[in-house]
Amino acid sequence: GENVEQHPSTLSVQEGDSAVIKCTYSDSASNYFPWYKQELGKRPQLIIDIRSNVGEKKDQRIAVTLNKTAKHFSLHITETQPEDSAVYFCAARTDSWGKLQFGAGTQVVVTP
Amino acid sequence: DTAVSQTPKYLVTQMGNDKSIKCEQNLGHDTMYWYKQDSKKFLKIMFSYNNKELIINETVPNRFSPKSPDKAHLNLHINSLELGDSAVYFCASSQDIANTGELFFGEGSRLTVL
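The present account deals with the structure reproduced in this document. Here the structure is a predicted model, which is why all the values come from computation and not from measurement. (Residues numbered from 1 in each chain as written. Chains lettered and ligands numbered in written order. Predicted model: local features only at pLDDT ≥ 70, side-chain atom pairs only at ≥ 80, totals over all residues. Heavy atoms only, no water.)

1. A look at the pairing of strand E3 (residues 19-25) of chain B
Residue and element names in this part refer to chain B. For strand E1 (residues 4-7) and E3, the ladder comprises four bridges, and the chain directions are antiparallel. Residue Thr7 lies in a different strand from E3, and its bridge partner there is Lys22. Strand direction decides the pairing type here: E3 and strand E8 (residues 73-78), joined by four bridges, are antiparallel. Each bridged residue has a counterpart across the sheet, and for Ile21 the counterpart in E8 is Leu76. (Pairing = 2+ DSSP bridges. Helix = DSSP H or I, 4+ residues; strand = E, 2+ residues; numbered from the N terminus.)

2. Looking at the nonpolar core
Grouped together as the largest cluster of nonpolar side chains are 23 residues, with contacts concentrated most on A:Ile21, A:Tyr25, A:Phe33, A:Trp35, A:Phe73, A:Leu75 and A:Tyr88. Elements with a minimum of two residues in this core: strand E2 (10-14), strand E3 (19-25), strand E4 (32-38), strand E5 (45-51), strand E7 (62-67), strand E8 (72-77), strand E9 (86-93) and strand E11 (106-111) of chain A. If we ignore the near neighbours within four places in the chain, the residues touching A:Phe73 are A:Ile21, A:Lys22, A:Cys23, A:Tyr25, A:Phe33, A:Trp35, A:Thr65, A:Leu66, A:Cys90 and A:Ala91. Listed in part, the 19 residues of the second largest apolar core include B:Trp34, B:Leu81, B:Ala87 and B:Leu111. (Core = buried A, V, L, I, M, F, W, Y, C linked by side-chain atoms within 4.5 Å. Buried < 20%, exposed > 50% of the residue type's maximum accessible area, 1.4 Å probe, protein only. Contact = heavy atoms within 4.5 Å.)

3. What about the interface of chain B and chain A?
Note on interface size: it is often stated as the accessible area lost on association of the parts. With 24 residues of chain B in contact, the opposing surface of chain A contributes 18 residues. In this assembly, chain B packs against chain A so that about 1,800 Å² is buried in total across both faces, 56% of it on carbon and sulfur atoms. Across the chain B-chain A interface, the total number found is two salt bridges. One salt bridge connects A:Lys99 with B:Glu58, and the closest N-O pair in it is separated by 3.1 Å. At the junction of chain B and chain A, the tally comes to five residue pairs in polar contact (both at pLDDT 80 or more). Elements supplying a minimum of two residues to the side of chain B that touches chain A: strand E4 (31-37), strand E5 (43-50) and strand E6 (53-57) of chain B. Here the side of chain B that touches chain A is built from residues that sort into 13 nonpolar, six polar and five charged. (Buried area = accessible area lost by both parts, 1.4 Å probe. Salt bridge = Lys/Arg side-chain N within 4 Å of Asp/Glu carboxyl O. Polar contact = N/O pair within 3.5 Å; in protein donor to acceptor, adjacent residues only side chain to side chain. Nonpolar A, V, L, I, M, F, W, Y, C, P; charged D, E, K, R; others polar.)

Honestly, that's just the spatial picture; any functional story needs more than this.
Next up, the structure:
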């Protein structure tokens, strides 16, 4: 089955700096890669996703890149703000049954 | 108007008891899921149902029994609770099982087994 590894497990950045989270996946048939943000005590919510036919996608201060050859994808957050502090999860989906395999999560702390 | 709602939000119980968590979605989605989030924040899928039919059943002890009376509801019943069952259980839904990726999560139900 699919295995998703996520690094780093914790990330501390100064407000205004950039944050990068990296994930690798094992199944070359994976075709959908979402990123979820979970604030403390809240539900995970989708912030951006990318499909395997696209190499990069951007939405304001967040962007995701996908390297299918290397089987890794990354989340980039620019001009970080305190409200970006949360746990971020990457995920990958291989089959058509909707099963998402999540990474272990990255705790991002943005310090003023 | 809550899209995916689950009850109860908090559940504290003794080992050996039986408990249920209910979930309802008003998004008109075909597919619903149960995820378990442990103390290390790891999100692991337990079950998924598509139009009331069981599609995914991960390696979950058979003390856990999901039930979907209709496609808008997916309940989770847990028998003989153990300490290791303590976690946050998230219900989620997606439009369909094939192409639409986004999962809409409920607020979670924090289960504490004493």
